[in-house]
Each structure stands twice: as C-alpha cells, then as structure tokens.
Amino acid sequence: MTTEDLTTSIPTARPLAGDGSGHDPHSRIEPGILYFGTPVVLLSTLNEDGSPNLAPMSSAFWLGWRGMLGLGARSQTARNLVREREVVLNLPDDSLADAVDRLALTTGTDPVPEGKAARGYRYVGDKFGRAGLTPLASETVGPPRAAECPVAMEAVVEATHPLADDDPRQRGGITVFEVRIQRVLVHDGIRMAGSDRRIDPDKWRPLLMSFQELYGLGSRLRPSALATIPEDMYRGPDIARARTAPAATVRP
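Residues numbered from 1 in each chain as written. Predicted model: local features only at pLDDT ≥ 70, side-chain atom pairs only at ≥ 80, totals over all residues. Heavy atoms only, no water.

Trainee: Go over the overall build of the chain, please, and point to the residues and values.
Mentor: Summing up its helical and strand segments, the chain has 6 helices and 14 strands in all. Principal axes of the C-alpha set define a box for the chain whose edges measure 65 × 50 × 35 Å. Counting all 252 residues of the chain, 33% fall into the buried class. Looking at the chain alone, contacts between residues at least 24 apart form 61% of all its contacts between residues at least 6 apart. Counting every atom, the chain has about 15200 Å² of accessible surface; 55% of that belongs to carbon and sulfur. (Helix = DSSP H or I, 4+ residues; strand = E, 2+ residues; numbered from the N terminus. Buried < 20%, exposed > 50% of the residue type's maximum accessible area, 1.4 Å probe, protein only. Contact = heavy atoms within 4.5 Å. Areas by Shrake-Rupley, 256 points an atom, 1.4 Å probe, with all protein chains shown as cover.)

Encoded structure:
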C-alpha cells in the first residue's frame, strides 16, 4: 500500500449518533510525532573527557521533584547520563529561542551517528559556545548550569526504563531516564513576590516546542480551580532529601 493509499483510506467524517449534527467532529490522522507542545529543556551533562555537553529536548515531564526524560539511547546525552548519573535541566524562556535553535541539528558525538548524519546533524564540541550561553558551576552535580536560563534544576539519575521494548524493530533505541531533582535555582525576576518557594506563572514565560516549532506562552486565560489547592500540599519527601545533597565534586 502506498502513502497515497493510506491517506485516501482515512475517513474525514463519520456519522455521530445523538449530537444533532450527524457528523463526528474528529477525523483520523497519522502524524509522525506527537509533540503537541511541551517546554524546551537544555540538558547539560559531562562527556567522557569532563567537558560539558548541552542538548535541547522536549520529551520531558515532572511529578513532584522527579523528572522523566525520553532520549535516543545512542545519543551523547544518554551515554553521559548512563555513565555519570548527573544532569542539569536548564529551562530557557521565550527570549532564548535563537540560542536554542543554534543547537538544533548538532551532536556531541564524533563521528556523527549514521542516522543523525542522514538528518543533517553535524558534530559540535563546544555546545555552550555554539549556543552563546554561559556555563556556571552547579552546587551538587558536575555538569554546569546555563546562566542565561531562568530555571536550572540539578538532578541525579535514579532509574532507567526502556521504551518500546515490546517491538524488536525499536528495542534498545529509546531510554527514559527517571531523575531526582536536588536543586531548583531560578532568576529572581520570575519569583513570586512575598514567597521564598514559588514561581510566579505570570512572570515565567517558558519556551515551548510544538511539532518541531518554537513558541512562547500566551497570557493566562482564566483562573484555574486547581490553583485553589495550596501548592505546599504537593510537597513530597524528595524536597527534604535534596537539602542534604552533597556538594559537587570538582574534577581535576
């Protein structure tokens, strides 16, 4: 079956009983990716020789002080995470779109893997220099923070999980890293007035990726009922554990 056959076989509308219009408002599509819009993260890790690597990604989400990061298992970042077990999750705001885009189609792996070379990637050793960002020593992990990013979360790898391990064609290609946050460091400009804990969502303008395109965040649409729950009610034991994280070991 050809691509054209697949396209023409997808129905655009189906009868929908009971809604009065006679048609289903949804139609079937088959996008190559499902990136409906998530924050961009710049992951800083340490290479084998101790130099920093910086890689943009958006397959990430957080629960409490834990994060889940989805990465190609053969990427330089994934290899660094497996070896060093440390990472900084730098969150750029919408003013850093140019810096993030300068890292697109670059890799810290030399030689460039065949699959990435086919997609136009090239090797860049100095990722911070390429992006025009400033490395800043972290407090509890070896990889540096990006000074210009309003949010930097220092983390350690607690577990790895294979993705699509059920499919022989994809097995071993993607790894999901579970990381535990040890420090959350932010620019003063996004802190909530009168609080020593909270970010002001009206000041924080994250850079988002939606279907491979970079977007900013619009203004708040309306108050949320979920926001009536005090944020402190979400505080888990990882926060207290983070207070006792040892200082980072400086490499010679």
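Let's pick the thread back up.
Trainee: Which residues make up the nonpolar core, and what are the values?
Mentor: By size, the foremost hydrophobic cluster in this structure holds 20 residues, and its most contacted members are Leu43, Leu69, Leu89, Phe177 and Val179. Of all the elements in the fold, those that place two or more residues in this core are strand 2 (41–46), strand 5 (66–72), helix 2 (76–84), strand 6 (86–91), strand 11 (151–163) and strand 12 (174–186). With 4 residues, strand 11 is the largest single contributor of residues to this core. Once residues within four sequence positions are removed from consideration, leucine 89 is found in contact with Val41, Leu42, Leu43, Trp62, Leu69, Val151, Ala152, Met153 and Ala155. Among the nonpolar cores identified, the runner-up in size contains 13 residues, and Val40, Val100, Leu133 and Leu207 belong to it. (Core = buried A, V, L, I, M, F, W, Y, C linked by side-chain atoms within 4.5 Å.)

Trainee: For the side chain of aspartate 93, give the residues involved together with the corresponding values.
Mentor: When you line up the elements, aspartate 93 lands in the loop between strand 6 and helix 3 (97–102). Despite its burial, aspartate 93 pairs with no opposite charge, the nearest such side chain being arginine 205 at 8.8 Å. For aspartate 93, the side chain forms a polar contact with the side chain of serine 95, separated by 2.6 Å. Excluding residues that lie within four positions of it along the chain, aspartate 93 makes contacts with Pro150, Trp204, Arg205, Pro206 and Leu207. (Lys, Arg positive; Asp, Glu negative; His and termini not counted. Salt bridge = Lys/Arg side-chain N within 4 Å of Asp/Glu carboxyl O. Polar contact = N/O pair within 3.5 Å; in protein donor to acceptor, adjacent residues only side chain to side chain.)

Trainee: Please set out the pairing of strand 11 residue by residue, giving values where relevant.
Mentor: Pairing geometry for strand 6 and strand 11, over 6 bridges, is antiparallel. Of the residues in strand 11, the one forming a bridge with glutamate 86 is valine 156. (Pairing = 2+ DSSP bridges.)

Trainee: For the sheet that holds strand 6, give the residues involved together with the corresponding values.
Mentor: Paired through their backbone hydrogen bonds, the strands of a sheet run either parallel or antiparallel. Read from one edge to the other, the open sheet built from 7 strands follows the order 3-2-6-11-12-5-4, with strand pairing classed as antiparallel. In this open sheet, the two strands that pair with only one neighbour each are strand 3 (52–57) and strand 4 (60–63). Mean inter-strand twist for the sheet, computed between neighbouring axes without regard to direction, equals 30°. Where strand 2 and strand 3 come together, 6 bridges link them in antiparallel fashion. (Axes fitted to C-alpha atoms, helices over the stretch in contact; angles between N-to-C directions.)

Trainee: Before we move on, can you summarise the sheet that holds strand 14 (residues 213–215) with the specific residues and values?
Mentor: The 3 strands are arranged 1-13-14 in an open sheet whose pairing can be described as antiparallel. At either margin of the open sheet sits one strand with a lone partner, and together these are strand 1 (38–39) and strand 14. Here 2 bridges tie strand 1 to strand 13 (residues 208–210), and the two strands are oriented antiparallel to one another. Paired with proline 39 across the bridge in strand 13 is leucine 208.

Trainee: So, a nonpolar patch on the surface: which residues are in play, and what are the values?
Mentor: A contiguous nonpolar patch, built from Leu34, Tyr35, Phe36 and Phe211 and spanning about 440 Å² of accessible area, is present on the exposed surface. Locating phenylalanine 36 in the fold gives a position in the loop between helix 1 (3–8) and strand 1. Note on phenylalanine 36: relative accessible area 64%, which makes it exposed. (Patch = residues over 30% accessible without salt bridge, like charges linked within 9 Å, V, L, I, M, F, W, Y side chains within 5 Å.)

Trainee: How would you summarise the pattern of salt bridges if you had to cite specific residues and measurements?
Mentor: Taken as a whole and assessed by the stated rule, the structure comprises 14 salt bridges. The partner of glutamate 30 in a salt bridge is arginine 28, and the shortest N-O contact between them spans 2.8 Å. Arginine 28 gets classed as partly exposed once you look at its relative accessible area, which sits at 48%. Here arginine 66 and glutamate 178 are joined by a salt bridge, their closest N and O atoms 3.1 Å apart. With arginine 66 in strand 5 and glutamate 178 in strand 12, this pair connects stretches of sequence that are 112 residues apart.

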